[in-house]
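Listed below, chain by chain, are the residues.
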Amino acid sequence: MEKLDHIDRRILTILQRDASLSLEELGEEVGLSRNAVWRRVRVLEDSGVIRARVALLDAERIGLGLTVFMLIRTDRHTPDWLERFAEATREMPEILGAYRMTGDLDYLVRARVADVKAYDRLYRALVARVDLHDVSASFVMEELKDTTALPL
């Protein structure tokens, strides 16, 4: 874990909310000069605390109105199978997250698609690439909270 002081935490909180702020604006919010803020942000980037600065898009406005969680069970746990599964999930842009789980469920996959037909195409493409024992899907009816901001 990185050692972060209260100013680093404040900078990170602000950048998670709006990474487009200028160094001057960021400095005003945390009470530091432009150069001091630049040095801190540079250290946070170089150390990997800040991985990237991105634009967050409104999925519905670009035609991806359906969030689906795929619950996957497999009867294969070989390194070769895992690598093929990981590669397939990384290469399919509809898949936003893929997680190996504890308990009865082996993998949980989060995807964004246009509609149920688009989900079916995603499902067919995934099972064509990787043998899966059991796949079920849950479609999100309402998003109560969806954030990328980590608690600091």
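Everything quoted here is computed from the prediction, not taken from an experiment. (Residues numbered from 1 in each chain as written. Predicted model: local features only at pLDDT ≥ 70, side-chain atom pairs only at ≥ 80, totals over all residues. Heavy atoms only, no water.)

### Notes on the side chain of T67
Our working rule: Counting from the N terminus, the helices are DSSP H or I runs at least four residues long and the strands are E runs at least two residues long. Counting of polar contacts relies on pairs of N or O atoms within 3.5 Å, with two restrictions inside protein: one atom must be capable of donating a hydrogen and the other of accepting it, and residues adjacent in sequence are counted only when both atoms are side-chain atoms.
Mapped onto the fold, T67 is located in strand β1 (residues 66–73). A polar contact of 2.8 Å, which involves the side chain of T67, links it to the side chain of R112.

### Quick look at a nonpolar patch on the surface
Inclusion rule: Residues enter patches when their relative accessible area tops 30% and they take part in no salt bridge; the joining distance is 9 Å for like charges and 5 Å for the nonpolar side chains Val, Leu, Ile, Met, Phe, Trp and Tyr. Values of accessible area rely on a 1.4 Å probe in the Shrake-Rupley scheme; residue burial ignores everything except the protein chains shown. By definition, a salt bridge exists where a carboxyl oxygen of Asp or Glu is found within 4 Å of a side-chain nitrogen of Lys or Arg.
On the surface, L57, I62 and L64 cluster together to form a nonpolar patch covering roughly 290 Å² of accessible area. Topologically, L57 is positioned in the loop between α3 (34–46) and β1.

### Some remarks on the sheet that holds strand β2 (residues 95–100)
Quick note on the threshold: Pairing between strands is defined by DSSP: at least two bridges between them are needed. Every angle, taken between N-to-C directions, lies between 0 and 180 degrees, and every axis is a line fitted to C-alpha atoms, over only the stretch in contact when it is a helix. Whether two residues are in contact is decided by their heavy atoms, any of which lying within 4.5 Å being enough.
An order of β2-β3-β1-β4 is seen for the four strands of this open sheet, with the pairing classed as antiparallel. The open sheet has two edge strands with one neighbour each: β2 and β4 (134–139). The sheet shows a mean angle of 20 degrees between the axes of neighbouring strands, direction not considered. Pairing between β1 and β4: six bridges, direction antiparallel. When the bridges of β4 are listed, F69 appears paired with S138. The strands touched by helix α4 (residues 79–91) are β1, β2 and β3 (107–113); relative to β3, the strand with the most contacts, the crossing angle is about 20 degrees.

### Some remarks on the nonpolar core
Stated precisely, the cut-off is as follows: Among the buried residues, those of types Ala, Val, Leu, Ile, Met, Phe, Trp, Tyr and Cys that are joined through side-chain atoms within 4.5 Å form a nonpolar core. Think of it in three bands: with a 1.4 Å probe and only protein chains considered, a residue is buried below 20% of the maximum accessible area for its type, exposed above 50%, and partly exposed in between.
M70, I72, F85, L122, L126 and L132 are the most contacted members of the largest nonpolar core, which has 19 residues in total. For this core, the secondary structure elements donating two or more residues are β1, α4, β3 and α5 (116–129). Here L122 is in contact with M70, M92, E94, I95, A111 and V113, once residues within four sequence places are set aside. Residues I11, L12, V37 and I50 belong to the second largest nonpolar core, which totals twelve residues.

Honestly, that's just the spatial picture; any functional story needs more than this.
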